[in-house]
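These are the residues of each chain, in order.
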Amino acid sequence: YPYVTGTSVVGVKYKDGILMASDMGASYGSTLRYKSVERMKPIGKHSLLGASGEISDFQEILRYLDELILYDNMWDDGNSLGPKEVHSYLTRVMYNRRNKFNPLWNSLVLGGVKNGKKYLGTVSMIGVHFEDNHVATGFGNHLARPILREEWREDLSYEDGVKLLEKCMRVLLYRDRSAVNKIQIAKITEEGVSISKPYSLRTFWEFNAFRNPTVGAEGSW
Amino acid sequence: MSKAEIDFPPKGGFSFDLCKRNEMLIKKGVQPPSYRKTGTTIVGLIFQYCGFHSTFLEMLIGCLTKNFKEGGKTEDGVILGADTRATAGTIVCDKNCEKIHYMAPNIYCCGAGTAANTEAVTDMVSSQLQLHRYHTGCESRVITALMLLKSPLFNYQGYVQAALVLGGVDVTGPHLHTIYPHGLTDTLPFATMGSGSLAAMTVFESKYREGLTRDEGIQLVTEAICSGIFNDLGSGSNVDVCVITKGHKDYLRNHLLPNPRSYISPKGFLFPKKTGIDKFFGY
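Residues numbered from 1 in each chain as written. Chains lettered and ligands numbered in written order. Predicted model: local features only at pLDDT ≥ 70, side-chain atom pairs only at ≥ 80, totals over all residues. Heavy atoms only, no water.

Using the following cut-off: UniProt positions are given in the numbering used here, feature names are shortened, and annotations may be inferred rather than shown by experiment.
An unreviewed UniProt entry lists chain B under the name proteasome endopeptidase complex, from Dillenia turbinata. Within the UniProt record for chain B, the comment given under Catalytic activity (unreviewed entry) is "Cleavage of peptide bonds with very broad specificity." Database annotation for chain B, UniProt heading Subcellular location (unreviewed entry): "Nucleus".

In the nomenclature of an unreviewed UniProt entry, chain A corresponds to Proteasome, subunit alpha/beta from the organism Dillenia turbinata. Its UniProt record gives chain A the following Subcellular location (unreviewed entry) comment, quoted word for word: "Nucleus".

## Some details on the packing of helix α4 (residues 158–175) of chain A against helix α5 (residues 197–207) of chain B
For the record, the criterion: Under this scheme, a helix contributes an axis fitted over its contacting stretch, all axes are lines through C-alpha atoms, and angles between N-to-C directions fall in the 0 to 180 degree range. In this text, helices come from DSSP runs of H or I with a minimum length of four residues, and strands from runs of E with a minimum of two, each type numbered from the N-terminal end. Angles are sorted into four bins: roughly parallel if under 35 degrees, roughly antiparallel if over 145, roughly perpendicular if 65 to 115, and oblique for all others. Contacts are residue-level and defined by heavy atoms, with any inter-residue pair within 4.5 Å sufficient. Ten residues, namely Ala, Val, Leu, Ile, Met, Phe, Trp, Tyr, Cys and Pro, are considered nonpolar, four, namely Asp, Glu, Lys and Arg, are considered charged, and the remaining ones, Gly among them, are considered polar.
Taken N-terminus to C-terminus, the directions of α4(A) and α5(B) make an angle of 110°; their axes are 10 Å apart at the nearest point. In terms of orientation, α4(A) lies roughly perpendicular with respect to α5(B). Across from A:K167, A:V171, A:Y174 and A:R175 in α4(A), the residues of α5(B) making contact are B:M201, B:T202, B:E205, B:S206 and B:K207. A class-by-class count of the residues in the contact of α4(A) with α5(B) yields three nonpolar, two polar and four charged.

## Details of the sheet that holds strand β3 (residues 17–23) of chain A
Residues and elements named next belong to chain A. For the record, the criterion: At least two DSSP bridges between two strands are required for those strands to pair.
Spatial ordering of the open sheet is given by β11-β2-β3-β12-β13, a layout of five strands whose pairing is antiparallel. The open sheet has two free edges, formed respectively by β11 (134–136) and β13 (193–195), since each of these has just one partner strand. For this sheet, the mean inter-axis angle between neighbouring strands, taken without regard to orientation, is 10°. Note that strand β2 (residues 9–13) and β3 share five bridges and pair antiparallel. By the bridge assignment, V12 is partnered in β3 with L19. Sheet strands in contact with helix α3 (residues 140–151) are β2 and β11, and its direction is about 160° off that of β11. Running over the sheet, α4 touches β2, β3 and β12 (183–189) and is turned about 25° from β3.

## Description of a nonpolar patch on the surface
Stated formally: Patch construction takes residues with relative accessible area above 30% that form no salt bridge. Like charges are linked within 9 Å, and nonpolar side chains (Val, Leu, Ile, Met, Phe, Trp, Tyr) are linked within 5 Å. Calculation of accessible area relied on Shrake-Rupley with a 1.4 Å probe; when residues are assessed, cover is drawn exclusively from the protein chains displayed. Here, a salt bridge means any Lys or Arg side-chain nitrogen found within 4 Å of an Asp or Glu carboxyl oxygen.
Judged by side-chain polarity, A:L70, A:Y71 and A:M74 come together as a nonpolar surface patch covering roughly 350 Å² of accessible area. Examined against the element boundaries, A:L70 turns out to sit in helix α1 (residues 55–75).

## Here's the deal with the pairing of strand β6 (residues 40–43) of chain A
All names here are of chain A. As judged from the four bridges shared by β6 and strand β7 (residues 47–54), these two strands associate in the antiparallel manner. By the bridge assignment for β7, I43 is matched with S47. Connecting β6 to the antiparallel partner β7 that follows it, the hairpin turn spans three residues, and G44 within it adopts a positive phi of roughly 60°.

## Observations regarding the confidence of the model for chain B
All names here are of chain B. Spelled out, the test is: Per residue, pLDDT captures the predictor's confidence, and it can take any value from 0 to 100.
For chain B, per-residue confidence averages 75 on the pLDDT scale, and residues scoring 70 or more make up 78% of the total. A low-confidence stretch, residues 1–5 stays under pLDDT 50, and its non-local contacts, those more than four residues away or across chains, total zero contacts. Predicted confidence is poor over residues 49–74, with pLDDT under 50, and the contacts of this stretch with residues over four places away or in other chains come to 26 contacts.

## Regarding empty space enclosed by the protein
All names here are of chain A. Applicable threshold: The method works on a 1 Å grid over the protein atoms by themselves. A cavity is a set of points holding a 1.4 Å probe that cannot get out, a pocket is an open set with protein on both sides within 12 Å along at least five of seven lines, and residues with an atom within 4 Å of a point line them. Grid points are joined across faces, edges and corners, and a volume is the space filled by probe spheres set on the points.
With the rule as written, the count across this model stands at two cavities of 30 Å³ or more. What the largest cavity holds in volume is close to 40 Å³. As for the largest cavity, its lining consists of D23, M169, L172, L173, A179, V180, I183 and L201. For the lining of the largest cavity, the element with the highest residue contribution is α4, accounting for three residues. Residue classes in the lining of the largest cavity are distributed as seven nonpolar, no polar and one charged.

The following block contains the structure:
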């Protein structure tokens, strides 16, 4: 069972590559214990992995992938593992652990670009994996997916992609109890990976109707 | 003269007399009947334009000039929306049911949860409101309906699975309340309930703003319900909208039909000749 968990990760394909967003919180049950956890990490030269769920299992997965990339580099054959290969490897790992009744309690989002081809896929803790133009894990499944389905387009520019992800993260911040207002946006293109510095979203809490909701209906709440 | 047996006076609440028999039946392998549920998306929205102060200067100016031109007319109201799918387990049993129930001429209520529960509870309160109207001779208030709905739901400790979005306009203004099965109530400017509530809340959280006009409100509510219909398995079919303003209401049944039947046989449906009916109601 998970102890320290991260909340959702949202990823979209855009014109030049993949954009992924996640917040930096890790909760210990109902306490927001850690507020500066980087839940997105670059893997090799071509991929970016974001994880929600148990943080310790995520670190274990990173170790496995480190080993994988190391061996691949040791071959020194000019070929490096692309996102599709890493995704396939992760699927096998997750599915095998689940078959042994000892799952790695994570929902992973893997994105990358290799030789101009963009790839965005997801693996859940029971081994369900698929590839899509936009993915979300955890609460993002319910809250971010409707927005992405409506507003995702084939050739999003970088700014539009960031705005779309921010919209999703804002709704998640409003409605997910384990979200923190400190998010990172990661971008991966043919050139490489860049993970932005953490920043916080502007939220609006000043709706008049929320200020005094029971005006005229005294006694209710 | 028949000797009438004096029955025990009917006690309130549930009678658990059949529990042992049900357990025995389940042990023998008889499946309990599933009950009809409305896995659902229901939403409500308060719209007010030219109403009040705002924190952004440009909005304030816009409101004032409008006020001048129209002689201070403001339009306030509540918009309720619902999808039309009723499910029994995994089967859709009613593709076009009515989830927006009548409570009073100025108060309507959307119900999510077990269909029988929502219908019964709203019917009960609707008749209580009517009696109250006869007693007092005034238009019913939304908070009256709220209290009348809240108390029995709390008394049954959540076993009456009815989650409701209650909206109406009375003498004190437009009101929107949500009522949870355990009896908790919330007073909100926008609210969603049901299995599709997360998808609909997404749309509201990103697109709601103060000072919506009636048409923008309807647009937003339909978008939220459509989001529930297409992204949630428990919601589907058509969109119902109900707009309530002071002294007037618009019940837009099947306001939007985003799921038309695409493959209709051009021949229609013909009963075989020997079926004993004189007319057939084509298609």
